Amino acid sequence: MMNVSRPRSARRAELLAAGAATVTVVLWASAFVSIRSAGAAYSPGALALGRLASGVLVLGAICLWRREGIPPRSAWRGIMVSGVLWFGFYMLALNWGEQQVDAGTAALVVNVGPILIALLGARLLGDSVPPRLLAGMAVSFAGAVTVGLSMSGEGGSSVLGVVLCLLAAMAYAAGVVAQKPALGTGSPLQVTTYGCLVGAVVCLPFAGQLVREAADAPVSATLNMVYLGVFPTALAFTTWAYALTRTTASRMGATTYAVPALVVLMSWLALGEVPGPFTLLGGALCLAGVAVSRSRAGAKPRAGSGAAGPAGTVPVPVPVPAGTVPVPPDPEEVRGRAHGVREAPDAREVRPDRASGST
């Protein structure tokens with residue numbers, strides 16, 4: 001009974017982690033649509049602070065309701081690093097960079113992040129990088145490049161914007177790798193809440209801009225900023241942390257390659273931006289790469305598990321008649337065999353050809 005319940009519980013945990021990762025990528029994709037509205041009325045620093053402040057309020061209320069408490073001391077290093085780099089610097093640099101370059105260039109540069117996560121995870125966390133993961137990431141990155149090129153506008157991209165997007169990708173990768181060890185002792189809600197709080201503190205110098213711009217911003221832009229804080233930040237980062245505790249950083253990073261494809265779909269549905277054939281092709285490649293990276297190779301049969309058969313067949317254990325009790329060999333017989341003397345088979349032995357039913 002215990003052998004049956006364990007695979008079921010493992011399968012349930014795997015499905016919950018996959019569901020959490022799905023929620024994360026869908027909400028992160030929706031963030032790009034909301035940033036277009038909020039970014040028109042708020043500067044990069046004010047938008048980052050408003051988003052993080054909204055997230056902290058929601059996460060703090062949930063922590064008080066659940067009585068989560070303060071994370072253990074061993075988790076604070078990862079919380080501080082991920083809070084400064086991912087929650088703080090990443091959001092600020094990405095908001096600023098997207099104002100300097102077109103959407104296609106930003107997508108191309110930022111999607112270097114999952115590759116950096118795989119490299120850093122293998123080097124610092126000892127994550128395995130199987131061939132399927134590498135192949136899936138290569139396919140997804142090719143899809144992201146296709147989407148980015150197809151969505152690039154005619155305007156030029158400044159060097160500053162490219163550098164900011166690259167720094168955002170590096171901060172994102174370093175933040176994910178730093179967050180993984182913290183989740184070993186702190187809960188996903190604790191790590192997300194206090195990481196978001198650290199990021200908000202980093203963005204506090206933009207508080208004056210946020211107050212001034214909020215007074216003149218349209219209601220729709222402010223609502224989009226609050227949406228960014230509640231859903232793509234508070235909820236999505238928590239589901240991300242939940243899934244990250246149950247898989248490697250490299251595999252989670254590869255999952256985010258589904259975001260460009262979802263952005264194309266949401267822009268089509270919400271903004272009426274009909275994607276071209278190359279954009280659709282790139283989105284399909286992104287999704288195909290994610291499917292490959294999250295798939296697993298079939299289990300190989302263990303050596304010695306049964307009798308050998310023809311190529312392509314599954315080894316079958318050799319049956320033994322019921323009631324047969326293995327009998328240790330006679331010492332005299334063993335000595336005789338050692339001297340090259342072959343004795344008649346004892347009646348107690350089980351002959352393999354008769355036991356297996358072969359002729």
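Details of the structure are given in the entry above.
Residues numbered from 1 in each chain as written. Predicted model: local features only at pLDDT ≥ 70, side-chain atom pairs only at ≥ 80, totals over all residues. Heavy atoms only, no water.

### Regarding the overall build of the protein chain
Along the backbone of the protein chain there are 15 helices and zero strands. Residues counted as buried form 41% of the 359 residues belonging to the protein chain. Counting only contacts in the protein chain whose residues sit at least 6 apart along the sequence, the fraction spanning at least 24 positions is 89%. A total accessible area of about 19400 Å² is found for the protein chain, and carbon and sulfur atoms account for 67% of it. (Helix = DSSP H or I, 4+ residues; strand = E, 2+ residues; numbered from the N terminus. Buried < 20%, exposed > 50% of the residue type's maximum accessible area, 1.4 Å probe, protein only. Contact = heavy atoms within 4.5 Å. Areas by Shrake-Rupley, 256 points an atom, 1.4 Å probe, with all protein chains shown as cover.)

### Digging into the pattern of salt bridges
All told, the structure shown has two salt bridges when counted by the stated rule. Note that Arg 11 and Glu 14 form a salt bridge whose closest N and O atoms lie 3.8 Å from each other. Residue Arg 11 and its partner Glu 14 are both found in helix α1 (residues 2-38); the two are separated by three residues, about one turn of the helix. The exposure class of Arg 11 is partly exposed, given its relative accessible area of 47%. On the accessibility criterion, Glu 14 (36% relative accessible area) is partly exposed. Linking Glu 68 and Arg 66 is a salt bridge whose minimum nitrogen-to-oxygen distance equals 3.2 Å. (Salt bridge = Lys/Arg side-chain N within 4 Å of Asp/Glu carboxyl O.)

### A look at the packing of aromatic side chains
This structure, assessed with the given rule, holds eleven aromatic pairs. Consider the rings of Trp 86 and Phe 87, whose centres lie 5.9 Å apart with planes at 50°: the pair is tilted. Comparing Trp 86 with Phe 87, the two get one shared label, buried. Ring geometry for Tyr 227 against Phe 231: centres 5.2 Å apart, planes inclined by 35°, an arrangement best described as tilted. Remark: Phe 231 and Tyr 227 occur in helix α10 (residues 219-244); sequence separation between them is four residues, near one turn of the helix. (Phe/Tyr/Trp six-rings, centres within 6.5 Å; stacked < 30°, edge-to-face > 60°.)

### Section: the packing of helix α2 (residues 44-66) against helix α9 (residues 207-216)
Running from N to C, α2 and α9 cross one another at 90°; their axes reach a closest spacing of 8 Å. If you check the angle between α2 and α9, you find them roughly perpendicular. For the pair formed by α2 and α9, the contact residues are Ala 46, Leu 49 and Gly 50 on the first element and Ala 207, Gln 209, Leu 210 and Glu 213 on the second. (Axes fitted to C-alpha atoms, helices over the stretch in contact; angles between N-to-C directions. Parallel < 35°, antiparallel > 145°, perpendicular 65-115°, else oblique.)

### Remarks on the side chain of Asn 224
Tracing the sequence through the fold places Asn 224 in helix α10. Only 3.1 Å separates the side chain of Asn 224 from the side chain of Ser 37, close enough to count as a polar contact. (Polar contact = N/O pair within 3.5 Å; in protein donor to acceptor, adjacent residues only side chain to side chain.)

### Overview of a nonpolar patch on the surface
Taken together, Phe 89, Val 159, Val 163, Leu 166, Leu 167 and Met 170 make up a surface patch of nonpolar side chains, about 500 Å² in accessible area. It is helix α7 (residues 159-182) that contributes the most residues to the nonpolar patch, five residues altogether. Here Phe 89 shows up in helix α3 (residues 76-98). Look at Phe 89 and you get partly exposed, because its relative accessible area is 33%. (Patch = residues over 30% accessible without salt bridge, like charges linked within 9 Å, V, L, I, M, F, W, Y side chains within 5 Å.)

### Brief notes about helix α8 (residues 188-202)
Given a rise of 1.5 Å per residue, 15 residues ought to cover 21 Å, and the 21 Å separating the end C-alpha atoms of α8 matches this to within 8%. Most of α8 is tucked away: twelve of the 15 residues are buried. Restricting attention to buried positions, one finds in α8 the residues Pro 188, Leu 189, Gln 190, Val 191, Thr 192, Thr 193, Tyr 194, Gly 195, Cys 196, Val 198, Gly 199 and Ala 200. Those residues of α8 hidden inside the fold are in contact with α2, α3, α7 and α10. (Expected span 1.5 Å × (residues − 1).)

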